[in-house]
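# A structural walkthrough
So the chains spell out like this:
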Amino acid sequence: MSRGAPRPSGPRRRAAPAPPRLATGLLGLVLPPGSDGDALLGDMEELWRERRAGRGALSANLWYLGQTLGAVLHLLPRQLNDKSIMDHLVRQLRHIVRRLARAPLFTGVAVLTLAVGIGSNTAIFSVVDGVLLKPLPFKDSARLVGIWFKAPGVGFPTGVPDSPALHYTIAASNHTFEDVGMYKIGTASVTGVGDPEQVPVMRVTWRTIPLLGIRPLLGRTFTEEEDTPDGPQTVILGYGYWQRRFGGDRTVLGRTLTVDAVAREIIGVMPKGVDLLGSDADLYLPFRFNQKTLGMGDFSYPGIGRLKPGVTVAEADADVARMIPLAVERYPGGFTQGMLKQARFAADVHPLKQDVVGDVGKVLWVLLGTVGIVLLIACANVANLFLVRGEGRQRELAVRTAMGASRGTIFGELLLESLVLAVAGGLVGLALAFGGLKLLVALGPTSLPRLQEIGIDPTVLGFTLGISLLAGVLFGLFPALRHGEPDTVSALKEGGRGSSAGKRQHLARNALVVTQMALALVLLVGSGLMIRSFRALRSVQPGFTDPRQVVTFRVTIPSAEEKNPAQVVLDYQQMVDRVRAVPGVASAAVTSSATMDGYTSNDAIAVQGFPLEKDQIPPIRRYKWIGEDYFATVGNPLLAGRSITRSDIDDRARVVVVTEDFARDYWPDPRDAVGKRLRDFVTGQQTPWYEIVGVVGDIHDDGVNKPSVPTVFWPQVLRDAYGDTLYARRSMAFVVRAKSGDPTTLMPELRKAVWAVNPNLPVARVRTLAQWEARSMASTSFTLIMLGIAAGVALFLGVVGIYGVISYVVSQRTREIGVRMAMGAESADVSRMVIREAAVLAGLGVVAGLAASWGLTRLMASLLYGVSPSDPATFAAVGVLLSLVALVASWVPAYRASRVDPVEALRFE
Amino acid sequence: MGDRTFLGEFEHLVLAAALRLGEGAYGAALMREIEERTGRSVQAGSVYITVQRLEEKGLVRCTLGEPTEGRGGRPKRFVTPTPAGVRALADHREAMLRIWDGLEADLEGGR
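Presented here is an overview of the structure given in this document. Just so it is clear, the structure is predicted and the values come from calculations on it, not from any experiment. (Residues numbered from 1 in each chain as written. Chains lettered and ligands numbered in written order. Predicted model: local features only at pLDDT ≥ 70, side-chain atom pairs only at ≥ 80, totals over all residues.)

## Things to note about the interface of chain A and chain B
Spelled out, the test is: Two residues form a contact once the distance between their C-beta atoms, set from the backbone, is within 7 Å. Strands are runs of DSSP state E lasting at least two residues, helices are runs of H or I lasting at least four, and both sets are numbered from the N terminus onward. Just so you know the grouping, Ala, Val, Leu, Ile, Met, Phe, Trp, Tyr, Cys and Pro go in nonpolar, Asp, Glu, Lys and Arg go in charged, and all remaining residues, Gly too, go in polar.
On the side of chain B, 17 residues touch chain A, which itself brings 20 residues to the contact. Elements supplying a minimum of two residues to the side of chain A that touches chain B: helix 2 (35–55) and helix 3 (57–81) of chain A. Element by element, the count of residues in the side of chain A that touches chain B is highest for helix 2 of chain A, at 13 residues. Grouping the constituent residues of the side of chain A that touches chain B by class yields 8 nonpolar, 5 polar and 7 charged.

Laid out in structure tokens, this is it:
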């Protein structure tokens with residue numbers, strides 16, 4: 001068909017310029033059906049042409065768009081009030097529903113595809129909303145901040161907690177806070193009510209609870225006096241604990257509870273559902289710091305503050321920074337001004353939500369992006385379905401146009417149809433989201449904060465409705481634009497193929513398939529990177545072997561229970577001996593903290609032969625205290641020297657074991673560490689030297705996804721320089737390796753072994769080493785599972801897309817193929833031709849997808865471990881995989897094409 | 001409604017333009033006429049709605065023309081003021097003149 005030369009007669013709708021179709025379509029939605037609305041369209045087209053002739057196409061189109069918006073605003077409200085219009089709309093809806101019901105396969109596939117897309121978005125959005133977007137459930141929570149510090153000079157670019165010295169300085173001298181508090185999550189043992197029990201507690205300064213705007217359900221909160229060393233001993237119960245242990249008894253106030261062997265008066269009960277800063281505490285205790293003996297140091301307690309109205313976070317940050325030198329002055333005997341300067345110690349005040357939400361935000365945003373891509377792919381698929389189906393309706397629409405239906409009416413109808421499908425998809429999706437959310441919360445990282453705030457609420461419903469409509473417009477626009485203006489003549493001519501409209505259809509479909517392939521590739525690359533991360537994590541040597549065989553539990557001996565430190569050591573030794581005698585136990589040991597259990601302790605170290613300069617900060621290293629047989633039990637190999645023995649403990653020998661990375665910091669060969677000496681660094685004190693007797697493998701104490709932590713293992717009991725004071729660790733984790741099978745089945749016997757020595761001691765935090773390890777991989781495996789599911793769905797939809805398009809192309813070209821074969825083409829040539837077409841589409845999709853991935857994967861860099869976001873191997877593997885899958889998907893139609901019988905194909909016409 | 005029908009400002013513009021255009025009064029022509037005489041741009045949607053409202057009030061009568069070239073093959077909707085419409089316009093003019101009577105000198109200052 002030659003372009004440009006106007007044909008002498010016949011309809012010229014296609015050749016003549018027309019106003020923007022999108023605008024005409026929109027008008028079609030609000031105009032009443034029939035000639036009245038048509039007259040308005042005619043008026044606008046007449047004036048549009050006038051303007052186009054006078055001022056050019058751009059001006060005319062802009063004018064037309066402006067007029068359209070005006071008309072929509074004028075007509076829509078009237079439309080909604082007009083009964084006949086509503087009747088018309090209802091009729092149309094009924095018509096659409098009936099038509100969709102007549103094509104159950106098309107409708108079912110479209111609705112399900114959309115439901116998966118919309119449902120997954122709804123589920124993830126409800127989590128994002130509950131965790132990240134909603135304000136914290138505290139009064140005026142926008143004014144709450146976390147008071148933190150940073151010391152980039154010594155490797156803490158962020159995350160240094162508040163210290164008591166700083167806290168009291170800020171409380172006394174700040175200008176920006178209404179109130180400040182400090183807290184710490186920990187455990188305490190409760191005795192005297194049934195079995196001894198170790199419960200989660202939150203220690204707070206006395207202002208912390210009122211600062212958050214929480215009023216106790218019963219009684220009162222702490223007074224300032226109760227937060228001093230000599231004040232009365234008091235405790236506040238958490239709601240859950242009150243229900244569990246006291247059956248919700250309202251007369252509980254004034255009774256006594258023995259916590260950590262100290263009798264405390266119950267003064268209050270917290271209200272239900274208070275998840276204070278991520279802790280689910282059973283008890284609340286005041287810190288009772290002694291301000292007279294504090295020094296600048298002990299950075300262990302997260303600080304919180306309530307800003308004065310109108311104060312910004314930056315102003316508060318500057319105010320806190322001003323307090324640092326003041327604290328050094330007021331509380332001498334710890335860090336000096338010079339040390340802090342060298343550490344580049346500074347304030348780091350930020351919104352409290354950041355503390356509560358933590359790292360999970362990154363995972364959630366990546367997930368939301370992921371399911372967004374799934375929705376896009378779903379839309380592309382449904383748009384494709386529509387296009388294929390629209391082909392069949394071409395004639396119907398052409399007939400209706402010929403009978404006087406306006407373009408706008410048809411556009412509107414097609415769009416309405418998409419919206420009906422989208423809303424149906426949204427409803428089914430909502431049901432999927434309900435189920436999915438349960439699964440998500442079950443699969444989610446155990447530390448997922450604000451869990452109780454996640455749910456399907458009006459915000460989420462609004463989001464679902466919004467994305468449903470958006471999806472409807474998105475996939476509806478394609479077919480509506482294509483068919484809103486049917487080519488009346490060629491569609492009415494029987495078998496009118498190969499028209500320009502057909503070509504454009506084809507182009508639209510191809511573009512959709514390429515987009516789908518590209519989006520699927522992005523998700524596949526994402527999951528490929530997560531798989532590589534997961535494998536890298538699995539191959540890390542965490543500092544133990546066969547963690548499933550090792551159970552850990554914690555036993556604490558408070559000083560009120562046993563004053564004499566020597567006896568504490570003997571008690572632990574008796575317990576561990578009894579534990580070893582339990583049938584099924586291969587070996588057992590005690591440690592102040594099992595690898596990755598979170599009971600970390602760090603302190604400054606001095607190594608003989610490596611003197612510090614003046615004001616130089618001593619290196620901070622992880623400390624652990626152990627009994628004999630520890631390394632053999634967990635399975636950490638000795639690289640040199642020996643381990644700590646029972647006789648070392650009994651003799652109070654001054655010996656330590658260090659990890660390989662610790663040794664490497666000082667000596668080129670870690671084995672050289674054996675025989676060298678180190679000591680605990682205390683400013684102005686001559687602490688005794690300890691000899692390094694052994695070097696063990698590195699331990700990933702902060703989680704497998706974090707670097708190994710240089711660690712010093714001390715004996716469980718130490719004596720001071722003069723040898724007359726003993727320091728025994730009073731909270732030890734038992735590590736017990738079973739001979740075979742699940743070690744937790746031994747727990748009843750192990751408890752008995754402990755209680756045979758002292759029946760008052762709770763046995764707490766029972767976990768296998770494998771569970772501690774899994775916890776540190778939780779967010780990686782969670783992301784991996786979610787991305788994997790998304791990528792699987794995307795791959796499936798993409799394959800269906802390319803299969804559909806190639807099949808369709810083949811069926812459309814049956815006649816051409818028949819002619820080719822009649823002319824002597826081999827069937828191999830034909831299938832090659834078809835596969836070439838598929839290969840071009842797949843290739844374009846892969847290239848576009850690789851480019852998009854290259855840009856997008858860096859957004860997930862922080863979730864990766866041991867692999868770069870643009871890892872060439874992953875990119876190449878996924879590209880090849882997707883290409884292969886696409887070729888396989890196109891092979892079936894190609895094979896069918898090669899079987900075309902030329903005689904049949906030609907007769908068919 | 002009573003004897004008198006009050007016209008909204010835009011209603012009065014549309015009605016007057018229809019009266020002036022006579023047999024040639026249809027949407028696009030009305031818009032052109034009002035734009036030329038008032039110098040302000042007119043929304044097709046508001047003309048459409050206003051004509052509809054005037055028709056409901058019995059002030060104009062609408063008739064559809066034949067499909068026409070140059071406007072996408074769509075018909076024109078011709079607007080003819082009814083006797084009631086002409087009367088309403090006359091009343092409106094009377095009222096306006098009375099309102100403006102004697103204010104001409106004061107308006108000069110605002111120019």
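Next, the rest of the story.
## With respect to helix 24 (residues 827–856) of chain A
Put simply, the rule reads: Expected helix span is given by 1.5 Å per residue-to-residue step, counting one fewer step than there are residues. Note on burial: count the other C-beta atoms lying within 10 Å of the residue's C-beta; 20 or more is buried, 12 or fewer is exposed, in between is partly exposed, and C-beta positions come from the backbone.
Here helix 24 of chain A is 30 residues long and its end C-alpha atoms lie 42 Å apart, about the 44 Å a rise of 1.5 Å per residue gives. For helix 24 of chain A, every residue scored as buried is listed here: Val830, Ser831, Val834, Ile835, Ala838, Leu841, Ala842, Gly845, Val846, Gly849 and Ser853 of chain A.

## Notes on the nonpolar core
Note on soluble globular proteins: their nonpolar side chains tend to be buried together. Residue and element names in this part refer to chain A. Formally: Each nonpolar core reported here comprises buried Ala, Val, Leu, Ile, Met, Phe, Trp, Tyr and Cys residues connected via C-beta atoms within 7 Å.
Judged by nonpolar contacts, the single largest core of 106 residues is most densely connected at Leu114, Met517, Ala520, Leu521, Leu523, Ala794 and Ile802. Sorting elements by how many residues they give to this core places helix 12 (residues 360–402) first, with 20 residues. With residues near it in sequence (within four places) discarded, isoleucine 802 still touches Val513, Met517, Ala838, Leu841, Ala842, Ala886, Ala889 and Ser890. Formed by 64 residues, the second largest nonpolar core is a distinct cluster that contains Tyr168, Val180, Leu285 and Phe345.

## So, the pairing of strand 2 (residues 74–81) of chain B
Look at any regular strand and the pattern is simple: side chains alternate between the two faces of the sheet. All names here are of chain B. What counts, and what does not: Note on pairing: DSSP must find at least two bridges between two strands before they are called paired.
With 6 of 8 residues buried, strand 2 lies mostly within the body of the structure. Looking at chain direction, strand 1 (residues 60–68) and strand 2 are connected through 7 bridges and run antiparallel. Within strand 2, the position partnered with valine 60 by the bridge is proline 81. The hairpin turn running from strand 1 into strand 2, its antiparallel successor, is 5 residues long, and glycine 70 in that turn takes a positive phi close to 85 degrees.

## Looking at the environment of proline 81 of chain B
Residues and elements named next belong to chain B. For proline 81, the position within the fold is in strand 2. Overall, the presence of 21 C-beta atoms within 10 Å leaves proline 81 in the buried class. Considered as a pair, proline 81 and alanine 16 are 65 residues apart in the sequence and their alpha carbons are 8.8 Å apart. In contact with proline 81, not counting residues within four places along its chain, are Leu15, Ala18, Leu19, Leu59, Val60 and Val86.

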